[in-house]
Amino acid sequence: MRARFIHLADVHLGYEQYGSRERFDDFARAFLNILDAAIERQADFVVIAGDLFNKRAIDARTLTQAYEGLQRLKRANIPAIAIEGNHDRSYYRDGMSWLQYLSWQDMLCLLNPVVRDGMPALSPWNTKTQRGAYIDLMGGRLRVYGLPWFGASTAKIAENFASVLSNAREEEDEHGIEYRLLLMHTGVEGIVPQMHGLPTRAQLEPLHGLVDYLALGHVHKPYEFEGWIYNPGSTETWSAEESAWDRGYYVVDVETDSAQTGASNGALPLKHSTHHLKNQRRPFYRFQFSVEGLGDPATMEEHFTRFCRQHAGALDAREQPPVVEISLNGLLSFEPGALDQKVLEGILHEHFQPLIGRLHNVTHDVGFVGEDEGLDGRDRSTWYLLERKIFQEMLARDARYLPTAEQWARTLAELKELALQGEDPENIALRLREARAQLLS
């Protein structure tokens, strides 16, 4: 059997980043670019490993963008299979998510198994109930399973699902299943240091050998393990911290008749080859400008102008107008009130001509820096350590937070940074709810 599929995740349609309608459309353009590539490459199907939408309550324009992309696939007879991510899930009072709506409209197949006592039921896709744990494609020789976002329960659900798959393996072999693909909306612990509560690589190991390809989402940074675990990263730049990551999508070619060898440390043959491709998206740049040693505002403006000219000159003039973020950091050598941020923002816009130009002033002056415990105030990392230390001490006063005060302090620092970046309050609240569920469990 030969097959080709596209694996993407974390599209986040509907994200009006920085309040920009153009950025709202950028997320849709990235999505449509990948679907057009799927059609051009004659893919047999497309899998979306969660977070098609950026938030649960979407507007008509966001739904139209999703519908348009999925309609292109449908016209090309390319099935779309998806799972719900943490951003897609419906509110309990609503009962139906927008992904479920699209499934009922026959625009995609939304895999979502029934789970009882932590054990997913291995039921086939049912077009009448629009529910099921798996769907068979390619004449019944390729099976796609799906597990949506389970949050802190993910590791246990994955372990139980491996047990279910193991028990069903003989029956599946009798039905001629040659290739197995599992969609999960989860990351792997340690890929992004500030993301906690995810399953470890070892906790996913029980699935090894039971599925040929584990298609992940949730973490916006691309990574892969041992020829069977793959995460493509987000299709657009969801936050400034991601600007350096090469995100995109996978093109996967399946060949079961002559499986390659040398995969998984030689233990198991590979039945696929993968190509991670970067889709078209708006350039997003993040720079750090140090104010150390600049004795007065005029000197700072001179150095900042030179800095912007140099970095803007290195960019490709053929690119779209970029998003540019510059952080001013370090120890100020003059009165903070003399720093004219409007002038610096004008210099930024003059040289980069960006779609969005943002200047973050995270400088500090001698009067706010303590000298105890070896913190000299001249290294930005020590400033973050001091901030987290203060958070931790405050949290430790409450018995509920004392056991995890250090983890809570990291979370608060992360939430503060998201707020300073102008992040959507609903997304900040969602991150807080996730952290609370993990840390209070």
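Quick caveat, the model's predicted, so the values are computed rather than measured. (Residues numbered from 1 in each chain as written. Predicted model: local features only at pLDDT ≥ 70, side-chain atom pairs only at ≥ 80, totals over all residues. Heavy atoms only, no water.)

### Points about the sheet that holds strand β12 (residues 229-231)
Line of reasoning, step 1. Taken in spatial order, the six strands line up as β7-β8-β9-β10-β12-β11 in an open sheet, and their pairing is mixed. Single-partner strands in this sheet number two, and they are β7 (134-137) and β11 (223-225). Between one strand and the next, the sheet's axes are offset by a mean angle of 15°, whatever the strand orientation. (Pairing = 2+ DSSP bridges. Helix = DSSP H or I, 4+ residues; strand = E, 2+ residues; numbered from the N terminus. Axes fitted to C-alpha atoms, helices over the stretch in contact; angles between N-to-C directions.)

### What about the sheet that holds strand β2 (residues 45-48)?
Line of reasoning, step 1. Spatial strand order, β4-β3-β2-β1-β13-β14: six strands in an open sheet with mixed pairing. The sheet is open, and its two edges are formed by β4 (109-110) and β14 (272-277), each paired on a single side.

### What about the confidence of the model for the protein?
Line of reasoning, step 1. Across the protein, the average pLDDT comes to 88, with 91% of residues at 70 or higher.
Line of reasoning, step 2. The low-confidence segment residues 261-266 (pLDDT under 50) makes five contacts with residues lying over four places distant or belonging to another chain.
Line of reasoning, step 3. When the criterion is pLDDT under 50, residues 368-378 qualifies, and its contacts beyond four places in sequence or with other chains add up to 15 contacts. (pLDDT = per-residue confidence, 0-100. Contact = heavy atoms within 4.5 Å.)

### Considerations on the environment of E335
Line of reasoning, step 1. Checked against the element boundaries, E335 lands in the loop between β16 (323-329) and α7 (341-352).
Line of reasoning, step 2. Sequence spacing of E335 and G295 is 40 residues, and the spatial spacing of their C-alpha atoms is 10.0 Å.

### Thoughts on the nonpolar core
Line of reasoning, step 1. Ranked by size, the top nonpolar core spans 31 residues in total, and within it I6, L8, F31, V46, L52 and L102 carry the most contacts.
Line of reasoning, step 2. At the level of elements, β1 (2-8), α1 (21-40), β2, α2 (60-75), β3 (80-82), α3 (98-104) and β13 (249-255) are the ones that each hand at least two residues to this core.
Line of reasoning, step 3. If near-sequence neighbours (up to four positions away) are discounted, V46 is found in contact with I6, L8, L35, A38, L73, I78, P79, A80 and I81.
Line of reasoning, step 4. Grouped together as the second largest cluster of nonpolar side chains are 25 residues, F161, M184, I191 and L207 included. (Core = buried A, V, L, I, M, F, W, Y, C linked by side-chain atoms within 4.5 Å. Buried < 20%, exposed > 50% of the residue type's maximum accessible area, 1.4 Å probe, protein only.)

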